[in-house]
Structure formats: structure tokens, C-alpha cells
Amino acid sequence: MTARAITTSGLTRRFGDLVAVDDVSLEIPRGGVIGLVGPNGSGKSTTIRILLGLIRPSAGTAEVLGRPIADPSRYADRVGALIESPAFIPTLSARRNLASLALLRGLPDTRVDEVLHIVDLRDRADDDVRTYSHGMKQRLGIAMALLPDPDLLILDEPTNGLDPAGIVEIRSLLKRLAADGRTVIVSSHLLSELEAAADYVVVIRFGALLFAGPLAELMRQARTGVEVEPEHPADAARLAKLFAAQGWASEMTGDTLRVQVDPERAAELNRAAQGASIVLRRLAPRTQSLEDVFLQMTTVAATTDTTVRKAA
Ligand code: ADP
Ligand code: MG
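These figures come from a predicted structure and were not determined experimentally.

> Just give me the short version of the overall build of the protein, but keep the residues and values in it.
Helix and strand counts for the protein come out as 10 helices and 14 strands. Here the C-alpha atoms of the protein give a radius of gyration of 24 Å, more than 25% beyond the 20 Å that 2.2 N^0.38 yields for 312 residues. The principal-axis extent of the C-alpha atoms belonging to the protein is close to 80 × 50 × 35 Å. Restricting the contact set of the protein to residue pairs at least 6 apart, pairs at least 24 apart contribute 70%. Entry remark: accessible area of the protein is about 15,200 Å², with carbon and sulfur atoms responsible for 50%.

Structure below.
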């Protein structure tokens, strides 16, 4: 048994000139909730389809639960997936939808109640699916993916289009599923939707891997600093020079000077300003949110090298 849920090496998928997945090499550990995040069009769905054996890569290799993707039948029974909207019969109840799927797959009928319980749909299990909310339909889709009791669950944007309450429900479901020992890979174009649930994140943009690691490590990349406002805006330029002389870079936004320095050293900034007889009316630590880090990674960089998405 391998310790990795997924490994990829030089994984690439082209659609004509477009490189949808661009030379991605990564290792995703077993267990926990793994967020696959990137703006729309980043190649999340394409990556998932390759891993599920639905499409072939143009180059590179990958393994799912230690088995090569060249032969998906060797891992298909251990992987559950929800990609795009779940396919069910709207005029049947959740229970009957699940029961017919179980029959089709040769799975025991007892599993139906188990998965209904896991996704918290037992109360409405006998109502027609067409009466369900979007969130309930997504949970039914996850229940379908859970039927074979898979070790690995892959969900492509399960929170897309859900209201905040629906997102919270899915998020807690993801955590419960992972707590049972499964690996849950879940994609989203919004890191904020996964922030509270993901243990590990993979960030991609234009098909290229930007980051793969524990969420806490991504958080450490958050750029912190100190915001400083002199009492007289006219002093801002002098203040910036003063700070630069100490080795602290800064940038002006309106009347605020953003200084790239550890907030722990705020007193030193204050002292330097005082030494030059500049009174500060504001001195505040600035920490980036995880979403800021994500946006910076996926948008700022995107404007500077848009060429990466075209095939050489
Ligand atoms: P995401 O899921 O991150 O939004 P996708 O994997 O769906 O991104 O798409 C990545 C890129 O590949 C997009 O530019 C998309 O238009 C393109 N793409 C995806 N599937 C196809 C296809 N079957 N034919 C042509 N282009 C495709
Ligand atoms: Mg997608």
C-alpha cells in the first residue's frame, strides 16, 4: 500500500494549441481533505478527468492509489467521484435512486441507508429528488459516489452555486468523510470555500502547478507588513526614505505607507519616525488573508506571464 493518494509526473494535456494541464508533477498524501484550487479554466476538471481515466494525458504519467492511470480498472472500485452535476432520476426518491445504482453495481442494499446517513439525507430519503434543494442534490451526488465505500473520493466543485449554508454543510461533510480515514480531493475556484476544510492544498493556474503543500505552509507565504500614516501626509515621502535607509521597503497607497517589515518590529518604525520628528497618526500590523495570498498567486502572476498557456 502506497502512502500517496495521487502522484503525477510531467502530467500534460493539450487541446489543440491550448495547454490545459502543463507539466504538473506532484504528490498528494493519503488521508484528509485535499483542496484543488485555481481560477476557472485552470485545468482542475481536466486533471480530475485524467486521474479518473476519462481522458488520456498528452504527456506524463500519474498513479492513483499506487496504480497507473493507464489501467483505471485497477483502481476504479476504490475511487468514488462526483464530476459536474450528479445524474439521477428526478421523479424517484433518493433512496430509490441509490438502490437502483447499488443494484447496477452489485453492491449490497444495506449500503443505501449507510450513505443516506453519512450525507444526512435520511429525513427526506423517500421524497422525490425533484423537490430537493441544490445542496441536497449535491449531497445525494456525494452519496452516490460513496456507495462502493471508496478509499478515495474526488469531487469536482461540489460547492459551486450553493448558498452559504449549503457550502457549510458540504464542508462539514467533507471533514466527516476524511475523519473516517478516506482521502477526499475537492476542487474549487475559491480557496475561501475550502479554507476551513482542507488539510492540504494544490493550487494551479493556467494548467501549471503553483503550490502543493499543507494549508499552514501556504498561510506562511502570506506577506505581512506594517501600515504607517504620518500625521501630515506631506511627510510620507520623507518617511519612506527614512525607512529605506533602514532596509525596509515600502509603497504608498493614498496617505498610507505599507512597509514590508515584520509587524513585531513596529516600535522600531515608530522610533525612526520620532527621530525625524515625524508624528504617526496610525501604525497598524497588516496580515494578508489566505484569499489574498491565493489571489496574489493566481492573478498578479497571471498578468505577467500569460504566455505559459500556449503550447510551444
Ligand atoms: P477548470 O476546471 O479549472 O475550470 P478545465 O480543466 O475545465 O478548467 O479547463 C482548462 C482549459 O482547458 C480551459 O481553457 C478549457 O476551455 C479547456 N478545455 C477543457 N476541456 C476541453 C475540451 N474537451 N476541448 C477543448 N478545450 C478544453
Ligand atoms: Mg472545472
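> Break down the confidence of the model for the protein for me, citing the residues and quoting the values.
Averaged over all residues, the pLDDT of the protein equals 90, while 95% of them reach at least 70. Below a pLDDT of 50 lies the segment residues 302-312, which in the model reaches 17 contacts outside its immediate sequence neighbourhood of four places, other chains included.

> Go over the nonpolar core with me, naming the residues and quoting the values.
Leu98, Ile142 and Leu218 are the most contacted members of the largest nonpolar core, which totals 49 residues. The dominant element in this core, judged by the number of residues it contributes, is helix α4 (residues 134-146), at seven residues. Those residues within four positions of Leu98 in sequence are excluded, and the remaining contacts are Val112, Val115, Leu116, Leu140, Ala143, Met144 and Leu147. Of all hydrophobic cores here, the second largest spans 25 residues; its members include Val24, Ile50, Ile69 and Leu152.

> Go over the sheet that holds strand β10 (residues 208-214), please, and point to the residues and values.
Read across the sheet, six strands follow the order β6-β7-β8-β3-β9-β10 without closing on themselves; strand pairing throughout is mixed. Only two strands of the sheet have a single partner each, and these edge strands are β6 (79-82) and β10. Strand-to-strand, the axes of this sheet are offset by a mean angle of 15 degrees, without reference to chain direction. As paired elements, strand β7 (residues 152-156) and strand β8 (residues 183-188) share five bridges and run parallel to each other. Among the inter-strand pairings, Leu155 is bridged to a residue of β8, identified as Val186.

> An account of the environment of Ala99 is requested, with residue identities and associated values reported.
With respect to the helices, strands and loops of the structure, Ala99 is situated in helix α2 (residues 94-105). The sequence separation of Ala99 and Asp113 amounts to 14 residues, and the corresponding C-alpha distance is 9.3 Å. Filtering out sequence-adjacent residues up to four positions away, Ala99 remains in contact with Asp109 and Val112.

> Account for the site of ligand 1, with residues named and values stated.
Taken together, 12 residues lie near ligand 1, and Gly41, Gly43, Lys44, Ser45 and Thr46 sit nearest. At a separation of 2.6 Å, an oxygen atom of ligand 1 approaches a polar backbone atom of Gly41. Note that an oxygen atom of ligand 1 is positioned 2.8 Å from one of the side-chain N or O atoms of Lys44. Taken by itself ligand 1 offers 560 Å² of open surface, and the protein chains cover 59% of this.

> How would you explain the pattern of salt bridges if you had to name every residue and give the values?
All told, the structure shown has 19 salt bridges when counted by the stated rule. The partner of Glu157 in a salt bridge is Lys44, with the nearest N and O atoms 3.7 Å apart. With a gap of 113 residues between them, Glu157 in the loop between β7 and α5 (164-179) and Lys44 in helix α1 (residues 44-51) connect regions that are remote in the sequence. On the basis of relative accessibility, which here comes to 14%, the residue Glu157 falls in the buried class. Residue Asp126 pairs with Arg95 through a salt bridge whose shortest N-O separation is 2.9 Å. Here Asp126 is found in the loop between α3 (110-118) and α4, whereas its partner Arg95 is found in helix α2, with 31 residues between them in sequence. Look at Arg95 and you get partly exposed, because its relative accessible area is 25%. Linked by salt bridges that have partners in common, Glu227, Glu229, Asp255, Arg258, Arg281 and Arg282 make up one network.

Thresholds applied
Residues numbered from 1 in each chain as written. Chains lettered and ligands numbered in written order. Predicted model: local features only at pLDDT ≥ 70, side-chain atom pairs only at ≥ 80, totals over all residues. Heavy atoms only, no water. Helix = DSSP H or I, 4+ residues; strand = E, 2+ residues; numbered from the N terminus. Rg over C-alpha atoms; globule rule 2.2 N^0.38 Å. Contact = heavy atoms within 4.5 Å. Areas by Shrake-Rupley, 256 points an atom, 1.4 Å probe, with all protein chains shown as cover. pLDDT = per-residue confidence, 0-100. Core = buried A, V, L, I, M, F, W, Y, C linked by side-chain atoms within 4.5 Å. Buried < 20%, exposed > 50% of the residue type's maximum accessible area, 1.4 Å probe, protein only. Pairing = 2+ DSSP bridges. Axes fitted to C-alpha atoms, helices over the stretch in contact; angles between N-to-C directions. Near = heavy atom within 4 Å. Polar contact = N/O pair within 3.5 Å; in protein donor to acceptor, adjacent residues only side chain to side chain. Salt bridge = Lys/Arg side-chain N within 4 Å of Asp/Glu carboxyl O.

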